[in-house]
There are 2 protein chains.
Amino acid sequence: MVQKNKSAEKLREMGEKVVREISKNKNPNIIIPIRALSNVIFNERTRTLELGDKTSSRYFFNVAHAKKFLQTIEIASILKRELIDTRKHEHLRGVFYIAKRTVPGTNINIVDDQTESDKIIEDLEVITGLSREELHVSANKMGSLVGAITMIDSGDTIDCSKLGRGGYSIPSITDELEFKKVNAKYVLYMEKAAIFERLNEDKFWQKNNCILVTSQGQTTRGIRRLLQRLSEEEKLPIYVLCDGDIYGAYIYSVVKYGSIALAHASERLTIPNCKYIGVTMDDVINYDLKKQIIKLDEKDMSRIKQVSQYDWFKDNKNWQRQFKLMKELKGKVEIQSLATRGISFISEVYLPEKIKNKEFLD
Amino acid sequence: MVQKNKSAEKLREMGEKVVREISKNKNPNIIIPIRALSNVIFNERTRTLELGDKTSSRYFFNVAHAKKFLQTIEIASILKRELIDTRKHEHLRGVFYIAKRTVPGTNINIVDDQTESDKIIEDLEVITGLSREELHVSANKMGSLVGAITMIDSGDTIDCSKLGRGGYSIPSITDELEFKKVNAKYVLYMEKAAIFERLNEDKFWQKNNCILVTSQGQTTRGIRRLLQRLSEEEKLPIYVLCDGDIYGAYIYSVVKYGSIALAHASERLTIPNCKYIGVTMDDVINYDLKKQIIKLDEKDMSRIKQVSQYDWFKDNKNWQRQFKLMKELKGKVEIQSLATRGISFISEVYLPEKIKNKEFLD
């Protein structure tokens, strides 16, 4: 309730400022923090990617700005009137369709393409300081959760330790979930749903008193926010389990430090103290996975070079060692390859050993 | 329990036949129904794609067969020993890694690539008459479910009407789910998770007494099997909601009639009496969506030509009319475009009207 009023209030303020300027015969304008590489900084103190303080202005009476000005006002109005005031949520694509109509008396569409409305929604995030979730706009739903946690979701109390093989299907917006009872000692987040099913079938979360989260691929904003809330509100350690390759390292990098595209949302999404549990290049030796190595191609090799030079990796000895080993081996090793050691080797040996010995990459 | 014994029994029979042949100094062989277009037929009576009765033999003492013979025996043994006997399930990729080892005393890998083990698993399905699920092999987990149904999953009783915005995350194997209590009148399956979230937020399933299922993209085997079981065991009508384009028609086609690649599994996957609820080309006129049409490209146009000539579509007047309209309009219309008529238009007007008037494509 409080949150919804805050969102409506911020959008109202923005509109009222424009109305005031019009009634004073001024050229109405909107001030927007710049969301470009030139204004993205790595904050050494908080250890996350953030927006700097550069701003630009969008004027109504300016041929280059007029259309975007109109789009900004129109979409702000849709978000307030159709979503926040009615307590509904809509996906990016739906907002595009609601906004896609002609300017009255003309043939000109307010938006022609979803990329336009998506950008305006990102603008509105930085203009108002509200997250997209607080503006009631969602993106694709993805991922599952099981484990020692009870949550309240839209009035339903959900005991995630009693959801069988399937688990709880994570909604696209996780800000409104309420953590009712948490018995877990940590959260294990993995990119692969196949591993989630393996660990869930082995009752790993029960035996090790934890929560399992998977995304099946890229970590959505909803999952990042959920993990961050579990870290901050419940003080749970977050361990990240990915393939032993540069794409795994990148997934970890985004979860921990943020991404350039979403630098303005870092505060609500990054988890500076999460840890990488595996798969590492050292596992190849330690767990006898040499025969399971898959060769890298040139694209992979150049991606290693790129990621290894990120601000937060370049002075990190442990990660530099990993990147060096990747290049020397010219190979990657998948989480599933642990199955060569036995189908439940991952849940009975690999993960418990790593966690017991605190063998993490930071 | 019974099912698990049946699977183990079938694999044991297969092994024992080989052992008998060896002890009689015969050349051991395995008989395999052919899984190729030449042996796929459209059964007019059951209205599904099926395998014909052509078979081939795989001999051990045959240079062209020896490696595949070995792979077949080795993977059959892995499935029985590591999975079925231990009651565990493994993903296709995991089975590949378990099988990936050298033939003792040589440098030759039993399998070099996952495509090899995947093919052998499909062979084992047709050899034994067991489904991949009965062989305890899974593929990617995908999709969510909410609504008026209570299921038992691995001993947990899950009331799917109390899972908030998220819902139940559908496991990759749905054969073992038990339907405990079903109050729903029908199942609405949609390709898009965004629409699932819209309908769930609007409590559509509560107001209309139904079950909502989404896949987010292609319908996985687990979801097809789940829908089929809800159709056959619970006698629920299944309505399919897709984008109004040829890819939507194809999704419906696979759910209803099956696919060439999985013709051998049709019996367990197809739903001959499911119905297509939308979006149709007629909706463009009936619901004033003309401005929301997206232009088709040449690839889309040739796909229309292809799909419209499928056995089960070519004499179907209603579908031929759809394909004709697609070609005339040279356009497609997405489910989300209904949002231009109002954010909850889909749940308050479009779907209830269609269902009340039985306005389906069959």
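Residues numbered from 1 in each chain as written. Chains lettered and ligands numbered in written order. Predicted model: local features only at pLDDT ≥ 70, side-chain atom pairs only at ≥ 80, totals over all residues.

Engineer: Hey, could you run me through the overall build of chain A in this one?
Structural biologist: Secondary structure summary: chain A contains 14 helices and 17 strands in total. For 362 residues, the compact-globule estimate of 2.2 N^0.38 gives 21 Å, and the C-alpha radius of gyration of chain A, at 23 Å, lies within 12% of that figure. Along the three orthogonal principal directions, the C-alpha set of chain A runs to about 75 × 45 × 40 Å. When burial is assessed residue by residue, chain A has 45% of its 362 residues classed as buried. Long-range pairs, those at least 24 residues apart, make up 72% of the contacts in chain A between residues at least 6 apart in sequence. (Helix = DSSP H or I, 4+ residues; strand = E, 2+ residues; numbered from the N terminus. Rg over C-alpha atoms; globule rule 2.2 N^0.38 Å. Buried ≥ 20, exposed ≤ 12 C-beta atoms within 10 Å, placed from the backbone. Contact = placed C-beta atoms within 7 Å.)

Engineer: Looking at this model, I keep getting lost on the domain arrangement of chain A. Mind explaining?
Structural biologist: The parts lose accessible area when they come together, and the size of an interface is often stated as this lost area. Residue and element names in this part refer to chain A. Partitioning chain A into domains gives domain 1 (2–138) and domain 2 (144–356). On a C-alpha basis, the centres of domain 1 and domain 2 stand 33 Å from each other. Contact residues are listed per partner, giving 16 residues for domain 1 and 17 residues for domain 2. Of all the elements in the fold, those that place two or more residues in the side of domain 1 that touches domain 2 are β2 (40–43), β3 (48–51) and α4 (114–128). The biggest single contributor to the side of domain 1 that touches domain 2 is β3, with four residues. (Domains from an automatic or database assignment.)

Engineer: How should the interface of chain B and chain A be read in this particular structure?
Structural biologist: Between chain B and chain A, the residue contacts involve 41 residues of the former and 41 residues of the latter. Every element with two or more residues in the side of chain B that touches chain A is listed here: β5 (90–91), α3 (92–99), β9 (156–159), β10 (168–169) and α5 (193–201) of chain B. In the side of chain B that touches chain A, the residues fall into eleven nonpolar, 17 polar and 13 charged. (Nonpolar A, V, L, I, M, F, W, Y, C, P; charged D, E, K, R; others polar.)

Engineer: I'm lost on the relation of the copies chain B and chain A in this one. Help?
Structural biologist: Taken as rigid bodies, chain B and chain A are interconverted by a rotation of 180° and an axial shift of 0.0 Å, the fit giving an RMSD of 0.0 Å. Here the copies are linked by what is in effect a two-fold axis. Taking C-alpha positions as the reference, the residue of chain B nearest the rotation axis is B:Ser169, at 2.1 Å. Interface overlap between copies is the fraction of interface residues in one copy that are interface residues in the other; for chain B against chain A it reaches 100%, indicating a shared surface. (Least-squares fit on C-alpha atoms with pLDDT ≥ 70 in both.)

Engineer: Explain the sheet that holds strand β8 (residues 149–153) of chain A to me, please; I cannot follow it from the model alone.
Structural biologist: In sheet architecture, strand pairing relies on hydrogen bonds along the backbone and comes in two forms, parallel and antiparallel. All names here are of chain A. The strand order across the open sheet formed by three strands is β9-β8-β11, and the pairing between neighbours is antiparallel. The sheet is open, and its two edges are formed by β9 (156–159) and β11 (178–182), each paired on a single side. Sheet twist, expressed as the average angle between the axes of neighbouring strands with direction ignored, equals 20°. (Pairing = 2+ DSSP bridges. Axes fitted to C-alpha atoms, helices over the stretch in contact; angles between N-to-C directions.)

Engineer: Is there a simple way to think about the nonpolar core in this case?
Structural biologist: Nonpolar side chains tend toward joint burial in soluble globular proteins. Among the nonpolar cores identified, the biggest contains 170 residues, and A:Val187, A:Leu212, A:Val240, B:Val187, B:Leu212 and B:Val240 are the most heavily contacted of them. Filtering out sequence-adjacent residues up to four positions away, B:Val187 remains in contact with B:Cys210, B:Ile211, B:Val213, B:Leu227, B:Leu230, B:Leu236, B:Ile238 and B:Tyr239. (Core = buried A, V, L, I, M, F, W, Y, C linked by C-beta atoms within 7 Å.)

Engineer: Looking at this structure, how should I read the environment of A:Glu201?
Structural biologist: Turning to its location among the elements, A:Glu201 is positioned in helix α5 (residues 193–201). With sequence-adjacent residues up to four places away left out, A:Glu201 is seen in contact with A:Arg165, B:Lys88 and B:His89.

Engineer: Is there a simple way to think about unusual backbone geometry in this case?
Structural biologist: Across residues other than glycine, the phi torsion is negative in most instances, and most of the peptide bonds are trans. Residues and elements named next belong to chain A. Residue Val279 is bonded to the preceding Gly278 through a cis peptide linkage, with omega at 0°. Its location among the elements puts Val279 in the loop between β15 (275–278) and α10 (281–286). Of note, the phi angle at Asp288 is positive, near 55°, even though the residue is not glycine. With respect to the helices and strands, Asp288 occurs in the loop between α10 and β16 (294–295). Residue classification places Asp288 among the exposed residues on the basis of 11 C-beta atoms within 10 Å.

Engineer: Please clarify how the pairing of strand β7 (residues 144–147) of chain B should be interpreted in this entry.
Structural biologist: A regular strand carries its side chains on alternate faces of the sheet. Residues and elements named next belong to chain B. Burial of β7 is two-sided: the residues Ser144 and Val146 facing one way and the residues Leu145 and Gly147 facing the other way are all buried. Judged from the two bridges that link them, β7 and β10 form a sheet pairing that is antiparallel. Bridge pairing in β10 places Ser144 opposite Ser169. Note that β7 and strand β13 (residues 210–214) share four bridges and pair antiparallel. Paired with Leu145 across the bridge in β13 is Val213.

Engineer: Would you explain the packing of helix α8 (residues 246–257) of chain A against helix α11 (residues 298–308) of chain A in this entry?
Structural biologist: Two quantities define a packed helix pair, namely the angle between the helix axes and the distance between the axes. Residue and element names in this part refer to chain A. In contact at an axis separation of 9 Å, α8 and α11 are set at 30° when each is read in the N-to-C sense. The angle between α8 and α11 places the two elements in the roughly parallel class. Judged by the sense of rotation from one axis to the other, the crossing of α8 with α11 is left-handed. The segment α8 lies against α11, with Ile246, Ala249, Tyr250 and Ser253 engaging Asp300, Arg303, Ile304 and Val307. Among the residues forming the contact of α8 with α11, the class breakdown is five nonpolar, one polar and two charged. (Parallel < 35°, antiparallel > 145°, perpendicular 65-115°, else oblique. Left-handed = near helix turned anticlockwise from the far one by under 90°.)

Engineer: Would you mind showing me how to read the sheet that holds strand β11 (residues 178–182) of chain B here?
Structural biologist: Residue and element names in this part refer to chain B. Spatially, three strands are ordered β9-β8-β11 in an open sheet, and the strand pairing comes out antiparallel. Each having just a single partner strand, β9 and β11 make up the two edges of the open sheet. If you compare each strand with its neighbour and ignore which way they point, the axes differ by 20° on average. By the bridge criterion, four bridges tie strand β8 (residues 149–153) to β9 in an arrangement that is antiparallel. Its bridge partner being in β9, Asp153 is matched across the sheet by Asp156.

Engineer: Mind showing me how you'd approach α5(A) here?
Structural biologist: Side chains of residues three or four places apart in an α-helix project in the same direction, reflecting 3.6 residues per turn. Residues and elements named next belong to chain A. With eight of nine residues buried, α5 lies mostly within the body of the structure. Looking only at α5, the buried set comprises Ala193, Ala194, Ile195, Phe196, Glu197, Arg198, Leu199 and Asn200. One or two residues past the end of α5 sits Lys203, with phi positive at roughly 55°.

Engineer: I keep staring at helix α2 (residues 66–84) of chain B and nothing clicks. Help me out?
Structural biologist: When the terminal C-alpha atoms of α2(B) are compared, their 26 Å separation across 19 residues agrees well with the 27 Å that a helix rising 1.5 Å per residue should span. Those residues of α2(B) not exposed but buried are B:Thr72, B:Ile75, B:Ala76, B:Ile78, B:Leu79, B:Lys80, B:Leu83 and B:Ile84. (Expected span 1.5 Å × (residues − 1).)

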